[in-house]
Structures are given as structure tokens and as C-alpha cells.
Amino acid sequence: MSARTNEKANTPATAADVALLRWIGTIGIALFLVIFPYEKGLFNGYELAFEKPIYTAAIFGYVLLIAAAAYVYRKAQHHSYRGFLSIGVMILPLIYWLSSFQAVSSYYAKFMTLVFFLLAALFIASLYLAESKQSRKTIEYALMLSSYLIVLLGIFNLFGQMYYRDALWLAHDGYRLSSVFQYSNTYAGFLVALFLVSLYYAVHCIRPSARIIHAAMLVPIWISFMFTYSRGAIVVIPVMILVLLPFLRFTKQIAYLIFMVLSVIVSMAILGKLTTNADAIAKLVQPTETKAESPISLFSSLPLQNWGLLLLGMIVTTVLVMLYHAKVSGWMETKLSKVATRKWSFAAMPVIAIILAAIAAGSLLGSSAIRGLLPDKIATRFENINLQQHSVLERLTFYKDGLHVAEDYPLLGGGGGAWQAMYEQYQNNPYWSRQAHSFFVQVLVESGWLGLIALIAFLAFVYGLYIRKFIRHPELRGSHFIFFIFSLGLLMHSAIDFDMSYVFISAVVFICLGSMLAPYGSKLTFERISLKTVTDQGWFKLAVPSLLAILSLFAIIIAARETSAVNKYDKTYALAVQQQTSLDELLPMLDEAIDASPSHSAFALTKVNWLEQAYAQTSNAELLEDAIQTVNLGREADPYNRVLLMSQYRLFQTKGSFDESLDVIDEGLKKFPWDINLYEAAITSYVKAYETALTGKNELSAGKYSQRVNELSLEIQRRIDQLAELPPEQQQGRSFAFTPAIEQALSQLELASAK
């Protein structure tokens, strides 16, 4: 058989293989978007309880990358920006891996490396697999289906037919809607992006059925947004609109703003009654100290009223949108055709939008009559929008403290989890926040200026490349613009909150970044012949997909091992709690978990606690030594873990190693200088050491201990005075004052000194 005959015979099989790989990967991305938001949005809280779902999602994403690597090898053009973007996005997990060598938390440095590798995997998979229209549409539909289901789940909780823990988040001023994310500000940022995307669809969809679906969802989305009571997200909306409008044709800009105003007005018309009913429903449904959660029937009076009002708002908005398309859109196109050809037309509506937004903001903030039309809680939130409110001042404090961390860890940062480990050492006042409340500040703290610059450069290049291709190739424009809206909206809000700590949110961002470039795949080829020559080499064609596949397999092994360790720990802990299994049986099982993940501080801490309890019951010195050895190893991997530090302090005290215990507590004061409990432990310990030295006639040591107590007392007072200088609008955070135990210890020192 001739070579030409062989080639003809193999071509259909090759095309079928490529199509199969593309659809396997595409369906995988779609399933990722639909399946994973319901595990608390894959929140990364740097705690054991949050880790297993993230590992599961990571393994899923790494498998997708293997499919994408096979697709790249069989199909993709290599003389393209996509090959270099695939390498470029891998710089992010690479930097996190490099920062792990100087990490303050060995375990979470590795954990965050895996998380960023997942994000890189999803970006690469989307970049290649979404290049065909069918694949891109599948990902679009999956993203919108997932998003709308999240909105509906939130409303079912708001109206009382479901109970998802913390879907209604209890804040100091009442319940705030948070849906699957359990944090209302992140949900608000998500809703802003979704609202702007749904508006785009309502304007641009050609099929009436699609228009109806997206137009109908505008009111539920805006109502949900109002029930988050988020002020920061409100500020994002006008900025995003100004960014988006220039990308639309003049008549589409007009329709976009009209639909937005219509849906907001209709939503506000029913919001007051919905708010009153929702507050009453929350009292019936939400759990308290005296009752469990108790969802109520859809046909109960209050939820029936709310569903009726919501459906009415959806119908009114949908009808108005459809009437506009049927009666007004064509007329507008005709009448404004000449204006639309003007060079300045793309900027006209953004300017008008700025004026209208300024008028609306001025009326809302300056007119008590207009605010009176809003529900009291929402009106109060609007009244407090200013740069002196406590949430703004607190965030500015977080960001300043993050810059202070970067001064000590400038190049590669402190590794994954560095903020939650170290922020107390650098904080200006004793606030409590395991998140930096800014994706970019958190990246700076964890991966240094090198990591932050790499992230910003990557994002700037991706958006710049998309905008360039969007302008140059109008024939390729389409609904993939929603990926631009979604990703930019989420990133913009994540600059002022910790949205990207939800791995689902960050995954959506990176899927959108890849998917928005994918339709321009054929236009991303290099124009320079020298680059094309390099990328056409056989070794390059094989090197990129092979490297991706190998890295994916390696990451799968690590993630599977960590998942196995968590499962072993959970099983062991369950046996201890539920079946009261003996320590002799539990310790070998716990040691298996520790062997699988030696740097996990939660495992070490559990073993230390069990050994400490056993020693208290038996006085077996071997148990005490084992506990000390375990806590020492745990602190080597996680030196900023306060609970391990205090365990080490107690164990040294129990053993009688008082000097070592004092060294540990002094280390704790350096790392947690706003923890009054550590000052209490330190002062009482030094006073006891002082009394012991006096009894032993060791005046030199007694003087040293007395001086240290005085230093600590003065430091407490200095910090109390520092807190008095905070702006009155800024909350202090945790209590920091002389405790009764400290005052008693200081009195003991005075009495002992007077003898």
C-alpha cells in the first residue's frame, strides 16, 4: 500500500481521536464547573476541614490537563502564543514551589503549589479545548448553568425551602445572603460578574428562548445581590460598566444600560416586601441555640408571597426586554446608524453612564427621601459608603501589614499560607483575619514581588492579547466575550476581598482566561519566522505536551498521597471520638497519616494532645518524651503554629525544663505580639521563675527575671496606648488589656521584691 493510501486511511482515525480528546476535556471542564461549587466553593481556609474537597478538585483538574496534553500533541499548532502561554502560566506554580524552600509553613507551601498548578492546568485545558465553537459553547452553558443554580440555591435558602449551612450568614446586623460560599462579600462579587454577563446575553442573544432565560434571571440576581448587603461590590459595578461598554456597538450599549436600569428598578420595587418577609422567614428557619434548622413549605404564606413577587418581577423584566427587541431595537439601529459610525460613538454612552451614575450616587447618598424608599438595612449600608468606614480602614491596615511582610520576604515571599501564619507578627492592631482581603496582597506575601510581578504580567498579557485580537478580528467576536466579563469582574472584586481564596472562584477565572483566548487560536500564531522555526521543531512539539503530562502525573501522585493521609487521619479521629478506641491502637494509625504527610501540623498536634492526656493519666515518662519529640518535629515544619507553640511550652513546663519553656514563650511573643494570653503566660512564668530564684538565693537570675517582667508590662502599656490612637471608625479587634492574672502576677512580684 502506498504512503498516500496510508495517509488517507489514517486521517479519519486521527480526526476522530482528536475530536474524542477534545470532547473528553470539554465535558470534564463543564463537569468541574457544575460539580464543585457545593463544597463551600472549595474555600481554602488553611485548615484541615477544607482540604479534602480541594484535593479532589485538583486531581480532577490534573486529569483534564493530561487530556489537554494529548490533544495538544495530536492537533495544536505550536508556532503560536498558546504554547508560550502554556509555559508562562506554569511560572506561577513554579514560583510557589521555589518559595516553599523558605516557607514559614511547609505543608501549606506545598498545598498552594498544587492549587496554582490546578489553576494553570485549567487555563491550559480551556485555552486549547475551547477553540471549537461547540466546545466553547459547552463551557459557556456549563458556566451559566452552574451560576444560575448557585443563585437559585441562595434564593431557596432565603425563602426558607432549603437549609445550606451559612447560605444565610449571620452578621452583627442580621442575616446576609451568601449561598454556597458562606461569605456574603464573595457571593456579591460573583453576582456582579454574573449580572453583567446576563445583561450581555439579554442584549445579544438571537434565539428568543435564550433571551427569555437570561432576561428572567436578571431580577433574581439583583435581588440576591441586594441581600448580600455588600458595599465594596457596589463600587465595582460602575467601574466594570465603564470598562465593558466600549467593547459594544453604540446601539448595544444603549440596550445594555436600558436593560440594567429596567431590571434594577423592577427589583427595587419588590425589594421592600421581600426584605420584610425574608427577615421573618429567617427567624423561623435558621437554627439557634435552642432549635435546629427547620425549612418551611413553599406554600406557606411568607415564602409564597416572596416567590409570587419574584416571579412577577421576572415576568415584567422579561416582557420589557422582549418588547424592546421586537419593537425598539430595529428602530434604534435605523435612527442611530449615522451616529454609530462616528469615531466618538463608542465613548458616548460611557460618558453618559458616568453622569447618570454620579447623579444616582449623589441622590442616594445625599437625599434621605430617596434612601427612605429602600429597606432600612440597605439604606443604612448605603449611608455608610465612605473611605472612613471601618471595613475600608481595616483593609488598608491589612494591605500595609502585607507590605511590611514583603519587606522581610521580598523576592519569593514566605510560601503558601504565609499570611495566615505571619500576619499577627506584623499587624498594626489585634484584628483577626486569616485572609489578606486582597488576592494580590496575598500573592505578594506568599510568593514575594517575583510572584506578584509574574501574576500581573501574565494577566496583563492575556487581557492585552485578547483585546488586540478582539479589535483586529471583528469577524471572530461572539459570546466568548462573557468569559472576559466574568474573569475581569471576579478579579476586580478580588483586589479588595479574598474571593480567590475560594478555589472554585479562582478556577472560574482561569477557565475564563483560557476560554476567551481559545476562539482566536488560529490568529495567535507568531509572525516572526525565527520563532515559528523553533516551535516547528520535532522536539518542541513533543516537549510541551510531554512536560505537561509528566507534571500532571506527578501532581496527581502528591495530591492522592495527601488525600490518603487526610482520610487516614479522619478515620483515626472518628475511632477515637465515636468508639473510644485505646491509644495503643490509635497511635499506629495516626503515625501512618503522619508518615504520609509529615509536615501536616494538624496530625502532629492531635498526636501531641493524645500523648499529653495519656501522660497526665499515667505519668509515663516515655509518653512525655514522645510528645516533646513530636511537637518539636511539628514546629520545624510549622514554626508559626501558635497551638503547637503553646503545646511545646506546656510540655517543657511539665518536664521541668523551665528555661526552655521561657525561650518558647518569648518566641511566641515575637511572633504573636498582640496575643494577651501569651503575655499572661510569660509574665506568670517569669514571676514564678523570679520567686524560685529568690528562694535559691540566685539574685542575678532573679534580677534578670524581674527586669523581663517589667519589660513585658511596659510593652503591654505601650500597645494599649497605640490602640488609643486608632481612628474612631476603625475597630480594634481582639481585646488587649491587663488581665486579672497579669495584675495578680505583678502584685506577687512587688510583694516578693519587698521582702
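Residues numbered from 1 in each chain as written. Predicted model: local features only at pLDDT ≥ 70, side-chain atom pairs only at ≥ 80, totals over all residues. Heavy atoms only, no water.

Undergrad: Help me understand a nonpolar patch on the surface, please; the structure alone is not making it clear to me.
TA: A grouping of L311, L312, I315, V316, V319, L320 and L323 is seen on the molecular surface, where their side chains present a nonpolar patch of about 580 Å² in accessible area. By the secondary structure assignment, L323 is in helix α11 (residues 301–335). (Patch = residues over 30% accessible without salt bridge, like charges linked within 9 Å, V, L, I, M, F, W, Y side chains within 5 Å. Areas by Shrake-Rupley, 256 points an atom, 1.4 Å probe, with all protein chains shown as cover. Salt bridge = Lys/Arg side-chain N within 4 Å of Asp/Glu carboxyl O. Helix = DSSP H or I, 4+ residues; strand = E, 2+ residues; numbered from the N terminus.)

Undergrad: So what exactly am I meant to see when it comes to helix α18 (residues 439–472) here?
TA: Three- or four-residue spacings in an α-helix give side chains the same orientation, since the helix completes a turn every 3.6 residues. Between its first and last C-alpha atoms α18 spans 32 Å; for 34 residues at 1.5 Å apiece the expected length is 50 Å, and the helix comes up short by more than 12%. Maximal helix bending in α18 amounts to about 130 degrees, located at S447. (Expected span 1.5 Å × (residues − 1). Bend = angle between axes of the 7 residues up to and from the residue.)

Undergrad: In this structure, what is going on with the packing of aromatic side chains? I would like to understand it.
TA: For any pair of aromatic rings, geometry is given as the distance between the ring centres together with the angle between the planes. Taken as a whole and judged by the stated rule, the model has 52 aromatic pairs. Summarising the aromatic geometry, the rings of W169 and Y183 are spaced 5.6 Å apart at their centres and angled 65 degrees between planes, so their arrangement reads as edge-to-face. With W169 in strand β1 (residues 168–171) and Y183 in the loop between β2 (174–177) and α7 (184–204), this pair connects stretches of sequence that are 14 residues apart. Ring geometry for Y466 versus F484: centroids 5.5 Å apart, planes at 20 degrees, classification stacked. Of this pair, Y466 sits in helix α18 while F484 sits in helix α19 (residues 481–494), placing them 18 residues apart in sequence. (Phe/Tyr/Trp six-rings, centres within 6.5 Å; stacked < 30°, edge-to-face > 60°.)

Undergrad: Would you mind showing me how to read the pairing of β2 here?
TA: By the bridge criterion, four bridges tie β1 to β2 in an arrangement that is antiparallel. Following the sheet pairing, W169 is matched in β2 by R176. If you look at the hairpin formed by β1 and β2, you'll find two residues sitting between the two strands. (Pairing = 2+ DSSP bridges.)

Undergrad: How should the packing of helix α25 (residues 621–637) against helix α26 (residues 642–655) be read in this particular structure?
TA: Packed helix pairs are characterised by how far apart their axes lie and by the angle those axes make with each other. Where α25 contacts α26, the two axes come as close as 10 Å, and the packing angle between them is 150 degrees. By the angle class used here, α25 and α26 are roughly antiparallel. As α25 runs across α26, the sense of the crossing is left-handed. Side by side, α25 and α26 meet where L624, E625, A627, I628, V631, N632, G634 and R635 of the first sit next to L644, L645, S647, Q648, L651, F652, T654 and K655 of the second. (Axes fitted to C-alpha atoms, helices over the stretch in contact; angles between N-to-C directions. Parallel < 35°, antiparallel > 145°, perpendicular 65-115°, else oblique. Left-handed = near helix turned anticlockwise from the far one by under 90°. Contact = heavy atoms within 4.5 Å.)

Undergrad: Explain the pattern of salt bridges here, please?
TA: If charged atoms from side chains of opposite charge come close, those side chains can pair. According to the stated counting rule, one finds 19 salt bridges in the structure shown. Across the pair R136 and E140 runs a salt bridge, and its minimum N-O distance is 2.9 Å. Of the two residues, R136 and E140 both sit in helix α6 (residues 133–158), four residues apart, roughly one turn of that helix. Given a relative accessible area of 0%, E140 falls into the buried group. In this structure, R642 engages E424 in a salt bridge whose closest nitrogen and oxygen atoms are separated by 2.6 Å. (Buried < 20%, exposed > 50% of the residue type's maximum accessible area, 1.4 Å probe, protein only.)

Undergrad: Can you walk me through the nonpolar core in this structure?
TA: Nonpolar side chains in soluble globular proteins tend to be buried together. Among the nonpolar cores identified, the biggest contains 173 residues, and F123, L196, F458, F481, F486, F510 and L513 are the most heavily contacted of them. Sorting elements by how many residues they give to this core places helix α5 (residues 106–129) first, with 19 residues. Among all residues touching F481, those that are not within four sequence positions of it are Y200, L244, F247, L248, Y466 and F470. Ranked by size, the runner-up nonpolar core spans 45 residues in total, among them L624, W674, I676 and A752. (Core = buried A, V, L, I, M, F, W, Y, C linked by side-chain atoms within 4.5 Å.)

Undergrad: Mind showing me how you'd approach the side chain of S198 here?
TA: Looking at the element boundaries, S198 is found in helix α7. A distance of 2.8 Å separates polar atoms of two side chains, one belonging to S198 and the other to Y148. For S198, the residues in contact, after removing those within four places along its chain, are M144, Y148, H214, L218 and I221. (Polar contact = N/O pair within 3.5 Å; in protein donor to acceptor, adjacent residues only side chain to side chain.)

Undergrad: Explain the confidence of the model for the chain to me, please; I cannot follow it from the model alone.
TA: A low pLDDT means the predicted coordinates there should not be read in detail. Here the chain averages 89 in pLDDT, while 91% of its residues score no lower than 70. Across residues 1–10 the pLDDT falls below 50, and counting only partners more than four positions away or on other chains, this stretch makes one contact in the model. (pLDDT = per-residue confidence, 0-100.)

Undergrad: Would you take a moment to explain the environment of H480 for this structure?
TA: Mapped onto the fold, H480 is located in the loop between α18 and α19. Placed 340 residues apart in sequence, H480 and E140 show a C-alpha to C-alpha distance of 7.8 Å. Among residues more than four places away in sequence, those in contact with H480 are R136, E140, Y466, M516, P519 and Y520. In terms of polar contacts, H480 uses its side chain to reach the side chain of Y466, at 3.2 Å.

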